[in-house]
Amino acid sequence: MTSLSQQNLINLAQKSAAAGDFEQGIQYLEEALRSGRTTELVISLCDLYLKAGQEYAAFALIKEEPDLFSDQAIFAEYSKILQANHFLIEALEVQNLSKNRVKITVTPIALAQQQEVMQNFKQKKQVTQFDYEQLFKLDLPNFINFAQSLLLDPSLNFAVRIALCEDLVRLGVKDKIHVLVLGQNEEFIPQETELLEKGTVYREIISAIGSRYYHRPNQLPTVLGEVNLILGSLYPKLAKYVDEPDSFASDLASYIEHHDGRGHRKLFEQVYANLPK
């Protein structure tokens, strides 16, 4: 529920917006948001971001909503923001994940601009979330082809590699995609692949690690960071390298704690040896 102080700030923001001062209106609503999140406040701030030409700020804000689809007003705003950002790829992911029950009409940027986005991305030494999400402005063939070229680059950032694989999965791409795993050219079909954290093998390993560190909760965050690094390096071919999740988890914990790793030691060493420098 919107508090009285928040409503006062919303009223001030509306007056500023009516006068054409969108920046001042944004400041009022951002201040109101710090006191608590409401649907009315989020939508009002997103609208002002769009009017001020800050489409990505609106996207970042709406994506913080716990469920973009159950609330019709939030979904309508989300759709409008995807359109304003030209985020065709995310719109197609929503369509695929909803089994075509949800469709959002989005136009990608012009082909010349798409080439510029891809060129700029390749030149980035450190890729931010903003940089990555600019790829959502590509059309589907360009996104798939560009992702394919990046997934065969041994210097590709670890997080970007996983993100690309998972976006191809969300898109339900039916073609074989080549990806480097431990320096080897592997194939996977995104439509037949689960997201990393949704996969049975991943969940069983994480559960086993959690049980092992149940009485040492202070160590768990650090250990999980290492576990995710190793499992992410093997994605999307986890099943090829993990035949028994409990045994794998035990060896992985041994490697993290004592650099032993038992039967999987060579595999773990190979993972670290193949991380981009």
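Residues numbered from 1 in each chain as written. Predicted model: local features only at pLDDT ≥ 70, side-chain atom pairs only at ≥ 80, totals over all residues. Heavy atoms only, no water.

Engineer: Which parts of the structure should I look at to understand the packing of aromatic side chains?
Structural biologist: Aromatic rings considered in pairs are described by the distance between their centres and by the relative angle of their planes. Per the stated rule, a full pass over the model turns up 12 aromatic pairs. Taking the centre distance of 5.8 Å and the plane angle of 40 degrees together, the rings of Tyr-56 and Phe-59 count as tilted. Here Tyr-56 and its partner Phe-59 are both found in helix 4 (residues 55-62), 3 residues apart, which amounts to about one turn of the helix. Seen in terms of ring centroids, Tyr-132 and Phe-136 are 5.9 Å apart; in terms of plane orientation they differ by 80 degrees. Their pairing is edge-to-face. Each member of the pair Tyr-132 and Phe-136 is classed as buried. Each member of the aromatic cluster is reached from another via a ring pair, and the members are Tyr-56, Phe-59, Phe-87, Phe-130, Tyr-132 and Phe-136. (Phe/Tyr/Trp six-rings, centres within 6.5 Å; stacked < 30°, edge-to-face > 60°. Helix = DSSP H or I, 4+ residues; strand = E, 2+ residues; numbered from the N terminus. Buried < 20%, exposed > 50% of the residue type's maximum accessible area, 1.4 Å probe, protein only.)

Engineer: Just to check I follow, could you spell out the side chain of Asn-85 for this structure?
Structural biologist: By the secondary structure assignment, Asn-85 is in helix 5 (residues 72-85). Looking at Asn-85, the relative accessible area reads 4%, which means it is buried. Within polar-contact distance, the side chain of Asn-85 engages the backbone oxygen of Ile-81 at 2.9 Å. (Polar contact = N/O pair within 3.5 Å; in protein donor to acceptor, adjacent residues only side chain to side chain.)

Function-wise, these values are silent; they only describe arrangement.
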